[in-house]
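# Notes for the structure review
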Amino acid sequence: MTTPAPAPAAAPASRAMAVPPAPSAEAAAYFAARLAFHTDVADVHAALAAGAGDFVVVDSRSTEAWDQGHVPGAVHLPTAQIPRLARQFLDPAVPVVVHCWGPGCDGATRAALALARLGYRVKEMLGGIEYWIREGYAVETADGTRQLPPDPLTAPLGADDCGC
């Protein structure tokens, strides 16, 4: 009598799937919630260019950073001053899109938390001013308007949007 050959071992999970994806219903809830808390520079720029008045952009950086360049039409409200000055500069009925330097900075998250604690509806603009500039959008500076060409690693060349 011969012994049957052992069944082939299952291939180990790839590092990408070492933790399996969440069930689709949980994933849908997570991603819907994420979109309720975040927006991106391309969507903000498109909305502002179309004349959207359903939100206000808040730049939570320092005055020195603001002078280096900021989103045209944004409100300058440094994070530390939000508890004291938010009601002076922001209408509580108008949602806020807040940003700071970029993806390596938690400044916008801290500002969004401060605004939410004051009762504002708020989203964080992913990428911050860094990606606003890298995607080729104009900024206002202490010396006037400045616009750099889009970085081909972050924005499609020759297209108005990325198609997503």
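Residues numbered from 1 in each chain as written. Predicted model: local features only at pLDDT ≥ 70, side-chain atom pairs only at ≥ 80, totals over all residues. Heavy atoms only, no water.

### A closer look at the UniProt feature "domain: Rhodanese" (unreviewed entry) in the chain
The feature "domain: Rhodanese" (unreviewed entry), as given by UniProt, occupies residues 51-141 in the numbering adopted here. Its end C-alpha atoms 21 Å apart, residues 51-141 is made of 35% helix and 20% strand. (UniProt positions renumbered as here; feature names shortened; annotations may be inferred. Helix = DSSP H or I, 4+ residues; strand = E, 2+ residues; numbered from the N terminus.)

### Considering the pairing of strand β2 (residues 56-59)
Burial along β2 is two-sided: Val56 and Val58 facing one way and Val57 and Asp59 facing the other are all buried. In this structure, β2 lies alongside strand β4 (residues 96-99), joined through 4 bridges in parallel fashion. Its bridge partner being in β4, Val57 is matched across the sheet by Val97. Two elements, β2 and strand β3 (residues 75-76), share 2 bridges in a ladder whose sense is parallel. Pairing of Asp59 across the sheet is with His76, part of β3. Handedness of the crossover joining β2 and β3 through helix α3 (residues 63-68) is recorded here as right-handed. (Buried < 20%, exposed > 50% of the residue type's maximum accessible area, 1.4 Å probe, protein only. Pairing = 2+ DSSP bridges. Right-handed = clockwise from strand over helix to strand, strands pointing away.)

### Some thoughts on the packing of aromatic side chains
Here the structure, examined in full by the defined rule, presents 2 aromatic pairs. Ring geometry for Tyr30 and Phe31: centres 4.9 Å apart, planes at 75°, overall edge-to-face. Judged by its relative accessible area of 49%, Phe31 is partly exposed. Cation over ring: Arg61 sits above Trp101, and NZ or CZ is 4.6 Å from the ring centre. It is Arg134 that lies over the ring of Tyr131; its NZ or CZ is 4.9 Å from the centre. (Phe/Tyr/Trp six-rings, centres within 6.5 Å; stacked < 30°, edge-to-face > 60°. Lys NZ or Arg CZ within 6 Å of the ring centre and 35° of its normal.)

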